[in-house]
Amino acid sequence: MVSGTKRKYYMLGGKGGVGKTSCAASLAVKFANNGHPTLVVSTDPAHSLSDSFAQDLTGGTLVPVEGPYSPLFALELNPEKAKEEFRSATQISGGSGIKDFMDGMGLGVLAEQLGELKLGELLDTPPPGLDEAIAISKVMQFLDSQEYNMFTRVVFDTAPTGHTLRLLSLPDFLDKSIGKILKLRQKIASATSAIKSVFGQEGTPKPDAADKLERLRERMIKVRELFRDTTSTEFIIVTIPTVMAISESSRLCASLKKEDVPVKRLIANQVLPPSTSDCKFCAMKRKCASVVSSCNRHVKELVLQ
Ligand SMILES: Nc1ncnc2c1ncn2[C@@H]1O[C@H](COP(=O)(O)OP(=O)(O)OP(=O)(O)O)[C@@H](O)[C@H]1O
């Protein structure tokens, strides 16, 4: 994993509490100690990257992590900020949702179509995972900038399984939805210019709003491409040796493969080392771990089958 100087992205995901953040932080330190300027990003709204490094990493900006030989920076993304950006990019007129805008223009009929297209919901209540998708797209934006193009390893500490799966399918969903909004905007623009000439009403959608939407759509396409780029991206499943964690990891792996997301490595975390002085709890935990790994063949085969 440390060979080569071409930029690589590693996304760590899995069941809640298995050690995604701990493993993402350890992997980032390993890369930095092997000569890679590294960035570790937490997209999990419940950040715990600061705890892993025992350093305050909050604030939504890149913070240098003390210790490793090569530069290691950490970033705890602020999903609220990302959501705000989506809302402002999709507002049609100052502050009101698209439906009010169209009613105001006497285009209630078109608003019904909007209902069918379910775009109203998209604009007023963004889908789960949206904030992370936008946050990741921002990370990619600044990674392309001169200032941050030195990073050759980027490690994403993602949210627990369900959130991540929605995040992975989101760029597609957004690309299509924003495409519909832009088409609808086109219709509104031509309809309003017709109305304007008859009633002389103001309220044509701000031209820059369409550009903002178009830019957002392009960024979502880039996120989708990043997730599926087998030459630069890899999703690593983190699990622990319990039946429940392995079952959930197996489902996650099947979903990732269905979304064409490259996944080939698994971290079996918190495996108890052999010990003679086990307390009852540890003895039971070890027994369970050995039963799980033996009767379910090797954890890796089972999850990554
Ligand atoms: N290999 C390990 N050895 C000992 N403790 C560990 C190990 N990995 C994780 N832990 C501990 O388990 C707890 C959960 O770890 P962590 O926060 O990394 O999991 P997570 O999957 O990111 O959790 P969440 O889903 O809540 O974000 C923490 O207290 C952490 O210190």
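Throughout, a residue's number is its position along its own chain's written sequence, starting from 1. This being a predicted model, a pLDDT of at least 70 is required before a residue's local features are given, and a value of 80 or more before pairs of side-chain atoms are given or counted; all residues contribute to the totals for chains, interfaces and linings. Hydrogens and water are ignored here; the side-chain numbers use all heavy atoms of the structure.

Under the annotation held in an unreviewed UniProt entry, the protein carries the name ATPase get3b and is attributed to Datura stramonium.

> I tried to follow the nonpolar core on my own but got confused; where do I start?
Looking at soluble globular proteins, one finds that nonpolar side chains tend to be buried together. Side-chain atoms within 4.5 Å are what join buried Ala, Val, Leu, Ile, Met, Phe, Trp, Tyr and Cys residues into a set we call a nonpolar core. Under the scheme applied here, a residue whose accessible area is under 20% of the maximum for its type counts as buried, over 50% as exposed, and between as partly exposed, the area being computed with a 1.4 Å probe on protein chains only. Among the nonpolar cores identified, the biggest contains 28 residues, and Leu39 and Phe156 are the most heavily contacted of them. Numbering of helices and strands runs from the N terminus; a helix is a DSSP stretch of H or I covering at least four residues, while a strand is a stretch of E covering at least two. Considering each element in turn, this core owes the most residues, 5 residues, to helix H7 (residues 130-143). Any two residues having at least one pair of non-hydrogen atoms within 4.5 Å are treated as being in contact. Excluding residues within four positions of it along the chain, Leu39 makes contact with Leu62, Phe73, Ala74, Leu75, Val139, Phe142, Leu143, Phe151, Arg153, Val154 and Val155. Grouped together as the second largest cluster of nonpolar side chains are 23 residues, Leu27, Leu57, Val63 and Ile236 included.

> Explain unusual backbone geometry here, please?
With the exception of glycine, the majority of residues adopt a negative phi angle, and the majority of peptide bonds are in the trans configuration. The phi torsion at Asp260 lies on the positive side, around 55°, for a residue other than glycine. Summarising the element assignment, Asp260 is placed in the loop between helix H10 (243-258) and strand S7 (263-268). At Gln270, a residue that is not glycine, the phi angle is positive and equals roughly 60°. When you line up the elements, Gln270 lands in the loop between S7 and helix H11 (280-295). Under the relative-accessibility criterion, Gln270 is labelled partly exposed at 43%.

> In this structure, what is going on with the site of the ligand? I would like to understand it.
Throughout, the term near means that a residue has one or more heavy atoms lying within 4 Å of the molecule or strand in question. Close to the ligand lie Gly16, Gly17, Val18, Gly19, Lys20, Thr21, Ser22, Asp44, Ser48, Pro160, Asn269 and Gln270. Between the ligand and the protein, one listed contact pairs an oxygen atom with a backbone N or O atom of Gly17 at 2.9 Å. Between N or O atoms, a polar contact is any pair within 3.5 Å; within protein, one atom must be a potential hydrogen donor and the other a potential acceptor, and residues adjacent in sequence are included only when both atoms are from side chains. Between the ligand and the protein, one listed contact pairs an oxygen atom with a backbone N or O atom of Val18 at 3.2 Å. When its residues are assigned to classes, the shell around the ligand shows 2 nonpolar, 8 polar and 2 charged. Residue classes follow a fixed rule: Ala, Val, Leu, Ile, Met, Phe, Trp, Tyr, Cys and Pro count as nonpolar, while Asp, Glu, Lys and Arg count as charged, and any other residue, Gly among them, counts as polar.

> In this structure, what is going on with the packing of aromatic side chains? I would like to understand it.
Between two aromatic rings, the relevant description is the distance of the centres plus the angle of the planes. The aromatic pairing rule takes the rings of Phe, Tyr and Trp, using the six-membered ring of Trp, and pairs them if the centres are within 6.5 Å, calling planes under 30 degrees apart stacked, those over 60 edge-to-face and the rest tilted. In this structure the tally under the stated criterion is 4 aromatic pairs. An angle of 75° between the planes, with centres 5.7 Å apart, marks the rings of Phe73 and Phe151 as edge-to-face. Pair noted here: Phe73 is in strand S4 (residues 72-76) and Phe151 is in the loop between H7 and strand S5 (153-157), with a separation of 78 residues, a long-range link. On the basis of relative accessibility, which here comes to 1%, the residue Phe151 falls in the buried class. Ring-over charges, as used throughout, are those where CZ of Arg or NZ of Lys falls within 6 Å of the ring centre and within 35 degrees of the ring normal. Over the face of the ring belonging to Phe31 we find Arg153, whose NZ or CZ atom lies 5.5 Å from the ring centre.

> Sorry, what's going on with H10 here?
Side chains that are three or four residues apart share a direction in an α-helix, a result of its 3.6 residues per turn. In this scheme, a helix's expected span is set at 1.5 Å multiplied by one less than its residue total. With 16 residues, H10 extends 23 Å between its outermost C-alpha atoms, agreeing within 8% with the 22 Å of an ideal straight helix rising 1.5 Å per residue. Within the span of H10, buried status applies to Ala245, Ile246, Glu248, Ser249, Ser250, Leu252, Cys253 and Leu256. Phi turns positive one or two residues past the end of H10, at Asp260, with a value near 55°.

> Can you help me understand the pairing of S7 in this one?
Successive side chains on a regular strand alternate, one facing one side of the sheet and the next facing the other. Only when DSSP finds a minimum of two bridges between them are two strands counted as paired. Pairing analysis gives 5 bridges linking strand S6 (residues 233-239) to S7, with the strands arranged parallel. Bridge pairing in S7 links Ile237 to Leu266. Handedness is read with the strands pointing away from the viewer; a crossover is right-handed when the path from the first strand over the helix to the second is clockwise. Handedness of the crossover joining S6 and S7 through H10 is recorded here as right-handed.

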